[in-house]
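Report on the structure
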Amino acid sequence: MRFSLALVTLLAASSVLSGAAADPSLIARLEPKKVARAPATATLVPLSENWRLDGDLPVHALLISLQGLANRDYPRLYLEYPKSWQWEIVRPLVTFLEKRHGVKFDRLEPTGADLSAVALAKADAALGRFAKYAKGVVVWDKSVRSSLIVAFTVAGVEDLVVVSEDQLALAAKHGLKPVVDLRGKFTGQTDAQIYSWAYDQYFERCSRDYYVVMGGHAGPEMQPGVADFGIRQRAFFTDLSANPKHTEEIALLNKILGRQNVPSIVLGWHSYAKDTEGQHTTLVGNYGLIMEGLHNLPNVSFTSQIPLTPDFKFTNNHTVKPDETRKAEKKVYVAAAATDAMGIGTWTKPGRGKIPYTWQVLMNWAWMNPPALQYFYEDKTPNDYFIGGLSGPGYMYPKALPADKWPALSAVGRDLMKRLDLRVLEIMDYSEGNRHVGNTDLPKAVVDRYYDQYPDVIGFINGYGSARTFDLRAGKPLISYDYYLDVQRPVDEAAADLEELISLNPQRPYFLLLHIRESNTVEKVSEILGRLSEQVEVVPLDVFLKLAAGAPTYRTNYQQPGDPIDRNP
Amino acid sequence: MFRLLPTPGMFLTSVIARCAKRAVAIQMDCFVAPLLAMTDQISRNVCIKLLLPLLLLLVSPLAAADLPANLSAKASAAAEALETADHPLAGSWRIDLGRSTELSPWKDYELTFTTAGDTVTIHRRLAWGRREFTDEMTVGPGQPVIVPVALWPDNRHLGAYIGGDRTKHVRTEWIDAGRVLRLSTDLVLSTQQGERAVNILSDYKVSANGVQLILTELRSTRNRPVVYVFTRKTEGPKS
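Procedures and definitions
- Residues numbered from 1 in each chain as written.
- Chains lettered and ligands numbered in written order.
- Predicted model: local features only at pLDDT ≥ 70, side-chain atom pairs only at ≥ 80, totals over all residues.
- Pairing = 2+ DSSP bridges.
- Helix = DSSP H or I, 4+ residues; strand = E, 2+ residues; numbered from the N terminus.
- Axes fitted to C-alpha atoms, helices over the stretch in contact; angles between N-to-C directions.
- Contact = placed C-beta atoms within 7 Å.
- Parallel < 35°, antiparallel > 145°, perpendicular 65-115°, else oblique.
- Nonpolar A, V, L, I, M, F, W, Y, C, P; charged D, E, K, R; others polar.
- Buried ≥ 20, exposed ≤ 12 C-beta atoms within 10 Å, placed from the backbone.

**Notes on the sheet that holds strand S3 (residues 104–107) of chain A**
Residues and elements named next belong to chain A.
- As summarised here, the arrangement of the 3 strands in space is S2-S1-S3, forming an open sheet in which the pairing is parallel. This sheet does not close on itself; its edge strands, each paired only once, are strand S2 (77–80) and S3. Adjacent strand axes in the sheet meet at a mean angle of 35°, parallel and antiparallel pairs treated alike.
- Looking at chain direction, strand S1 (residues 41–46) and S2 are connected through 4 bridges and run parallel. Across the sheet, residue Leu-44 finds its bridge partner in S2, namely Tyr-78.
- The strands touched by helix H3 (residues 57–70) are S1 and S2; relative to S2, the strand with the most contacts, the crossing angle is about 150°.
- Here helix H4 (residues 90–101) sits on the sheet and contacts S1, S2 and S3; the angle it forms with S2, its principal contact strand, is near 140°.

**Side note on the packing of H4(A) against helix H15 (residues 370–379) of chain A**
Residues and elements named next belong to chain A.
- Between H4 and H15, the least distance of the axes is 10 Å, while the angle of their chain directions is 90°. Between H4 and H15, the crossing angle belongs to the class labelled roughly perpendicular. Taken together, the residues of H15 that come into contact with H4 (itself represented by Pro-92, Leu-93, Phe-96 and Leu-97) are Pro-371, Ala-372 and Tyr-375.
- Class assignment of the residues belonging to the contact of H4 with H15 gives a composition of 7 nonpolar, no polar and no charged.

**Observations regarding the interface of chain A and chain B**
- Every contact between the two is made by 33 residues of chain A and, on the other side, 27 residues of chain B.
- Secondary-structure elements contributing two or more residues to the side of chain A that touches chain B are strand S20 (483–485) and helix H18 (491–504) of chain A.
- Ranked by the residues each element gives to the side of chain A that touches chain B, the list is headed by H18(A), at 8 residues.

**With respect to helix H20 (residues 541–550) of chain A**
- Among the 10 residues that make up H20(A), 9 are buried, leaving the element largely enclosed by the rest of the structure.
- Of the residues making up H20(A), those classed as buried are A:Leu541, A:Asp542, A:Val543, A:Phe544, A:Leu545, A:Lys546, A:Leu547, A:Ala548 and A:Ala549.

**Observations concerning the sheet that holds strand S5 (residues 160–163) of chain A**
Residue and element names in this part refer to chain A.
- In spatial order, the strands read S5-S4-S6; together these 3 strands make up an open sheet with parallel pairing. Two strands close off the open sheet at either side, each with one partner strand: S5 and strand S6 (178–181). The mean angle between the axes of side-by-side strands here comes to 30°, regardless of whether they run parallel or antiparallel.
- Examined bridge by bridge, strand S4 (residues 136–139) and S5 share 4 bridges and lie parallel to one another. For Gly-136, the partnering residue across the bridge sits in S5 and is Leu-160.

See below:
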């Protein structure tokens with residue numbers, strides 16, 4: 001025992017050295033096995049707009065669970081989510097897979113006037129092809145929403161399709177009999193009680209590398225787009241709360257997170273009805289785990305197995321060399337970054353390519369969702385520039401991560417940045433505030449860690465809303481966002497906001513970093529910048545950072561002891 | 001041809017007539033407030049005692065029609081009536097988002113005024129879902145009041161934070177017998193380049209019928225006025 005502890009300590013100490021290589025076994029442990037090449041044919045099933053429990057959700061849950069099982073050892077089934085789906089790349093990715101990987105999709109699309117009959121016909125057709133990958137069904141209780149989330153766990157562990165009571169006959173038609181029946185089991189129980197039962201029954205057989213928080217939309221709607229991947233990985237599913245006021249739920253959540261491998265993946269999103277993004281991501285970070293949102297990220301059981309095409313290499317649009325210097329003129333420099341927008345924002349909307357623009361890449365997609373990243377990299381215009389995020393490999397808050405968890409995560413982060421040709425890392429921390437209250441700044445000790453553990457970057461950017469952490473070390477600036485462009489902000493008011501910032505910062509050069517929220521289009525940003533009375537120069541982020549390195553008109557600043565703190569209740 | 005040189009009286013009439021045409025438009029408050037503040041050639045008292053009652057009268061076309069003949073008498077009567085009225089501001093108000101300058105990052109804004117003599121306590125609540133900011137200050141005419149500031153909430157999407165000694169200095173003026181509360185606030189904002197003194201001129205103006213409050217803010221660093229329209233939530237207490 002003493003020897004083991006000494007060994008662990010030694011290993012930990014050695015990995016603290018900056019620039020240490022990533023442990024290759026770490027990603028290998030997490031990474032779904034890739035097929036040699038994408039399938040020549042695959043089945044495509046379109047889904048409807050209706051995700052209500054009393055609507056099409058039961059059919060969608062059946063199909064998603066079937067997808068997780070059918071795709072467990074090979075990518076066979078792709079679901080075409082509706083056009084309004086938050087992750088907007090579902091359809092462009094089909095075209096990409098057809099063109100670049102030569103996949104031919106066989107579309108199962110029964111038609112008819114009776115929509116519920118059409119939905120059942122889809123399930124019937126899909127079961128006809130893929131029921132053989134299931135050992136039976138798990139029946140969820142339509143009167144207890146959380147029973148569906150438990151059913152996803154059961155589906156993965158027992159290889160069962162998720163069905164509701166009224167789908168039993170359909171399942172039987174395809175030879176699938178009930179193996180686990182949750183009807184009536186949870187009536188009158190709290191979520192803590194329900195998931196405790198599931199924990200006792202199934203947790204030991206679930207993955208220690210994947211846990212799914214099946215939250216997001218709550219109440220009468222559920223959008224379990226990521227459940228196929230969770231089922232494939234045999235993950236444990238809940239929508240447990242990280243809100244301290246839910247004492248029983250958070251106690252069980254702590255128990256679950258504490259049992260997972262470090263680091264490992266938390267898929268999905270917090271429940272909109274129970275806790276906050278800040279609370280949940282902070283708690284996940286406390287355990288050194290990696291958050292990979294979204295709850296409705298679709299088809300990962302399919303895409304995670306498909307490798308990059310042999311002729312492809314990740315290449316970014318660098319404008320400057322890492323060791324290059326740039327001299328700033330006495331003017332206002334602007335750089336615009338969209339951090340939520342690769343997949344759920346404006347990539348496919350008008351205006352992209354019009355001005356230099358930065359897009360934050362979810363770096364774990366390099367191994368978890370390669371075709372999606374290849375799609376973005378190949379679809380970029382000369383004005384699109386990629387950066388790494390968010391705060392490391394995955395979504396994490398640096399202030400919430402224990403110091404001893406940093407080295408392993410940073411090593412993975414460095415490795416992924418190199419693989420993806422990324423030279424800038426974006427940092428965000430909502431553990432002590434948000435864009436409304438509290439602060440999103442970094443104390444010096446955290447900034448020290450970033451400079452120490454990401455020595456190859458040309459700079460960092462920080463914030464989500466505006467933040468006031470600034471630094472410059474060895475020609476590598478850390479610049480915080482000076483502006484957050486809200487989706488609702490009209491062009492005139494946004495232009496007035498920027499003019500006010502320009503007035504508040506009279507020295508030139510002034511480095512104005514903009515965070516462009518989600519569905520704001522590049523076109524809108526371009527229009528706002530065109531309204532400014534003082535001429536500004538919009539530059540690529542790497543140029544922006546090099547100019548800022550040469551003319552630090554910003555003051556070094558870290559989070560101060562007296563800064564407001566808000567725990568995102 | 002000769003050019004008619006404007007006199008203060010003509011200037012007033014011109015401004016009033018122009019504003020009267022747009023009496024219900026938010027812009028009126030944006031432009032009248034600074035005009036009032038900048039009209040040096042006319043004493044402030046004259047402006048306050050005459051201009052606002054006249055504006056209110058002109059909102060009604062009938063009243064506007066007999067303006068020249070009854071100007072002086074009507075204005076004096078209105079001013080007197082307002083001077084003796086209860087504090088029209090007193091009570092709680094909630095923002096009308098559709099008629100206001102876009103409020104992000106907030107989605108809700110409530111103001112509560114509690115009056116005691118010529119002092120007023122202003123409670124402010126800004127919220128976005130579960131996120132909320134509240135503050136409170138008591139101000140009155142006379143010397144500027146120094147108010148501690150925990151956080152500058154006016155536009156949290158800007159990289160500008162409370163700086164200096166984390167206080168604001170507030171000068172208060174009651175206008176038009178309490179129908180208008182004017183605050184002139186001096187504070188220091190901290191930005192990436194350092195600290196910057198900022199003045200904010202805030203006019204809290206109650207409509208003639210007492211059910212609408214318009215807050216017009218002019219920040220020395222901002223080229224556009226900010227206009228928030230509120231509707232009354234509760235009856236104001238009688239003082």
